[in-house]
Amino acid sequence: MKTPEHPIFLESVKYIRSKLWLTGLDHAQQSILERIIHSSGDFSLQSCLRFSPSACDDAINALQNGAMILTDTYMAKAAISPMAKRTINSDIQCILGMAPESIASTWTTRSAIGMRNIWLDFEEKDHLLHSPIVVIGSSPTALISILDLVEKGYKKPSLIIGMPVGFIGVSESKNRLLKSECPYIVLEGSKGGASLAAATINSLLRVADN
């Protein structure tokens, strides 16, 4: 069932489209671009957005067939949950739920441990028709953690939305994703954040619902 857009959002999209050059993007990709510009107010994101071949189509198919959504923060989960409930009711989990409350080491993070733990748990159960979609808006170490696992032979996510924000290790983690065999949607450079990563998966949820 199609979820109607708010008139103010539709007017905003109309304005965004009037300011964009011809993008050459397909419907799903264009929708993502419009939503992240709407969420950020930043037209320069157009030059940073990258898609692997068939990433959107494959992710939409996975969502329609029950793929779970994993987030690296509770903030991203909170931003995605209302859209998931209004559309196809995807299950959403935050990797921090599988992380220790504290860690003594300075060489890793709770996010990296949580990502590893939850992915190994999925591998052990191995009951999912489509592997989860991973939404990274904050933690480059969580992104590195899932890429490490894939390189070791574990199952690839149905999609990685790689949009950690910041400066330390962020560009490096995104570049590694771009060179990987994983399907991806990436904002190159230091830009990103939970709101943009959530806007991306929310756009895919709407397309999957429609």
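Calculation notes
Residues numbered from 1 in each chain as written. Predicted model: local features only at pLDDT ≥ 70, side-chain atom pairs only at ≥ 80, totals over all residues. Heavy atoms only, no water. Helix = DSSP H or I, 4+ residues; strand = E, 2+ residues; numbered from the N terminus. Rg over C-alpha atoms; globule rule 2.2 N^0.38 Å. Buried < 20%, exposed > 50% of the residue type's maximum accessible area, 1.4 Å probe, protein only. Contact = heavy atoms within 4.5 Å. Axes fitted to C-alpha atoms, helices over the stretch in contact; angles between N-to-C directions. Parallel < 35°, antiparallel > 145°, perpendicular 65-115°, else oblique. Left-handed = near helix turned anticlockwise from the far one by under 90°. Phe/Tyr/Trp six-rings, centres within 6.5 Å; stacked < 30°, edge-to-face > 60°. Core = buried A, V, L, I, M, F, W, Y, C linked by side-chain atoms within 4.5 Å. Expected span 1.5 Å × (residues − 1). 1 Å grid on protein atoms, 1.4 Å probe; cavity = no way out; pocket = protein on both sides within 12 Å on 5 of 7 lines; lining within 4 Å. Points joined across faces, edges and corners; volume = space filled by probe spheres on them. Pairing = 2+ DSSP bridges. Right-handed = clockwise from strand over helix to strand, strands pointing away.

## Quick look at the overall build of the protein
Then comes step 1: Helix and strand content of the protein: eight helices and six strands.
Then comes step 2: Counting helices and strands in the order they occur from the N terminus, the protein gives α-α-β-α-β-α-β-α-β-α-β-α-β-α.
Then comes step 3: In terms of overall dimensions, the protein is globule-like: its C-alpha atoms have a radius of gyration of 16 Å, near the 17 Å expected for 210 residues.
Then comes step 4: Taken along its principal axes, the extent of the C-alpha atoms in the protein is 50 × 35 × 30 Å.
Then comes step 5: When the 210 residues of the protein are sorted by exposure, 50% land in the buried category.
Then comes step 6: The long-range fraction of contacts in the protein, counting pairs at least 24 apart against all pairs at least 6 apart in sequence, stands at 69%.

## Section: the packing of helix 4 (residues 74-86) against helix 8 (residues 194-209)
Then comes step 1: Helix 8 packs onto helix 4 with a crossing angle of 15 degrees between their chain directions and a minimal axis gap of 9 Å. It follows from the interaxial angle that helix 4 and helix 8 lie roughly parallel. As for the relative orientation of helix 4 and helix 8, their crossing is right-handed in sense. When helix 4 is examined against helix 8, the residues Met75, Ala76, Ala79, Ile80, Met83, Ala84 and Arg86 are found in contact with a partner set consisting of Ala194, Ala198, Ile201, Asn202, Leu205, Arg206 and Asp209.

## Section: unusual backbone geometry
Then comes step 1: For serine 54, which is not glycine, the phi dihedral falls at a positive 60 degrees.
Then comes step 2: When you line up the elements, serine 54 lands in the loop between strand 1 (49-51) and helix 3 (55-64).
Then comes step 3: A relative accessible area of 40% places serine 54 in the partly exposed class.

## Looking at the packing of aromatic side chains
Then comes step 1: Here the structure, examined in full by the defined rule, presents two aromatic pairs.
Then comes step 2: Relative to phenylalanine 43, the ring of tyrosine 15 has its centre 6.5 Å away and its plane inclined at 70 degrees; by these criteria the two rings are edge-to-face. Of the two residues, tyrosine 15 is situated in helix 1 (residues 7-19) and phenylalanine 43 in the loop between helix 2 (27-40) and strand 1; the sequence distance between them amounts to 28 residues.
Then comes step 3: By relative accessible area, phenylalanine 43 is classed as partly exposed at 30%.
Then comes step 4: Note on tryptophan 119 and phenylalanine 122: the rings are 6.0 Å apart at their centroids and 90 degrees apart in plane angle, and the pair reads as edge-to-face. Remark: phenylalanine 122 and tryptophan 119 occur in helix 5 (residues 110-125); sequence separation between them is three residues, near one turn of the helix. By the burial criterion, tryptophan 119 is buried, and phenylalanine 122 matches it.

## A closer look at the nonpolar core
Then comes step 1: With 37 residues, the main nonpolar core has Leu49, Ile185, Ile201 and Leu204 as its most contacted residues.
Then comes step 2: Of all elements in the fold, only helix 2, strand 1, helix 3, helix 4, strand 4 (133-136), strand 5 (159-162), strand 6 (184-187) and helix 8 reach the threshold of two or more residues within this core.
Then comes step 3: Setting aside anything within four residues of it in sequence, one finds isoleucine 201 in contact with Leu63, Ile69, Ile80, Ile133, Val135 and Ile161.
Then comes step 4: Counting residues in each nonpolar core, the second largest holds 20 residues, with Ile95, Met115, Leu143 and Val186 among its members.

## What to know about helix 8
Since the α-helix turns once every 3.6 residues, residues separated by three or four places project in the same direction.
Then comes step 1: The first and last C-alpha atoms of helix 8 sit 22 Å apart over 16 residues, in line with the 22 Å expected at 1.5 Å per residue.
Then comes step 2: For helix 8, a buried count of 15 out of 16 residues is recorded, marking the element as mostly surrounded by other parts of the structure.

## Describing the layout of surface pockets
By rolling a water-sized probe across the atoms, one finds the places where empty space is left.
Then comes step 1: Taken as a whole, the second largest pocket spans an internal volume of roughly 190 Å³.
Then comes step 2: Along the walls of the second largest pocket sit 16 residues, with Glu5, Phe9, Arg35, His38 and Met83 positioned nearest its centre.
Then comes step 3: For the lining of the second largest pocket, the elements supplying multiple residues, two or more each, are helix 2, helix 4 and helix 8.
Then comes step 4: If one sorts the elements of the lining of the second largest pocket by residue count, helix 8 sits on top with five residues.

## What about the pairing of strand 6?
Then comes step 1: Of the two faces of strand 6, both are covered, the one formed by Tyr184 and Val186 as well as the one formed by Ile185 and Leu187.
Then comes step 2: By the bridge criterion, three bridges tie strand 1 to strand 6 in an arrangement that is antiparallel. When the bridges of strand 6 are listed, arginine 50 appears paired with valine 186.
Then comes step 3: Looking at chain direction, strand 5 and strand 6 are connected through three bridges and run parallel. Bridge assignment links isoleucine 160 to a residue of strand 6, and that residue is tyrosine 184.
Then comes step 4: Considered for its hand, the β-α-β crossover made up of strand 5, helix 7 (residues 170-178) and strand 6 is right-handed.

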